[in-house]
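Now for the letters of each chain:
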Amino acid sequence: PMIWPPGVASTFPWPQLEDLSVSYPNPDDELYGHLPQSLRRLALRCWPRYYTALISQEASTLRHLQWGLPILRSSETLRLLERCASPYIEDLDIEFRVDEDEEDLELFRYIAQAFPSVSRLTIHRYHPQTRKEVPVVNAYQC
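One structure accompanies this document, and this report is about it. (Residues numbered from 1 in each chain as written. Predicted model: local features only at pLDDT ≥ 70, side-chain atom pairs only at ≥ 80, totals over all residues. Heavy atoms only, no water.)

Things to note about unusual backbone geometry
Trans peptide bonds make up the majority, and among non-glycine residues the majority have a negative phi. The line we're drawing: Under the DSSP-based scheme used, a helix requires at least four consecutive residues in state H or I and a strand at least two consecutive residues in state E, with every element numbered from the N terminus. Note on exposure labels: buried denotes an accessible area under 20% of the residue type's maximum, exposed denotes more than 50%, and partly exposed covers the range between, all computed with a 1.4 Å probe on protein chains only.
The phi angle at Tyr24 is positive, at roughly 50°, despite the residue not being glycine. As for its position among the elements, Tyr24 is in the loop between strand E1 (19-23) and strand E2 (41-45). Residue classification places Tyr24 among the buried positions, given a relative accessible area of 18%.

Focus: the nonpolar core
This is how the line gets drawn: For our purposes a nonpolar core is just a set of buried Ala, Val, Leu, Ile, Met, Phe, Trp, Tyr and Cys residues, chained together by side-chain atoms within 4.5 Å.
Counting 27 residues, the largest nonpolar core has Leu42 and Leu81 as its most contacted members. Looking at this core, the elements with two or more residues in it are E1, E2, helix H3 (74-81), strand E3 (91-97) and helix H4 (105-114). For this core, the leading source of residues is H4, giving five residues.

So, the side chain of Asp91
Definition in use: By the convention used here, residues are in contact when the closest approach between their heavy atoms is within 4.5 Å.
Considering the arrangement of structural elements, one finds Asp91 in strand E3. Judged by relative accessible area, Asp91 falls into the buried class, the value being 16%. For Asp91, the residues in contact, after removing those within four places along its chain, are Arg40, Arg41, Leu42 and Arg120.

Purely spatial values, then, with no claim about function.
Shown next as structure tokens:
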């Protein structure tokens, strides 16, 4: 569900907010278009972490409870971050699965351009389990 659904007229209720963590963010949520300039840390992640549901003993429990894990694709993460007007973010934590075309360089380029103050970046990037090798690109190529 969205925190700030489209069409709701409001103002951001925490103008001095410095740290925001959202589990299973929705890229269509209006919240991300209204973040305050005071924001220093943004975490867009799963809880529990997506890898926990894939490899741990908790996986069978999550399946039994029919608890879906709607992790964002890289293109959805990019779309969400494009709505954030918070150039002062210093700590960014994102979790996503690579799109089918495996093109996530655009996301990484955008982060470097739009968030110049980031000094701590945490990325949990998931590829299909059938994939044998994960492509890694030299940072200078980005």
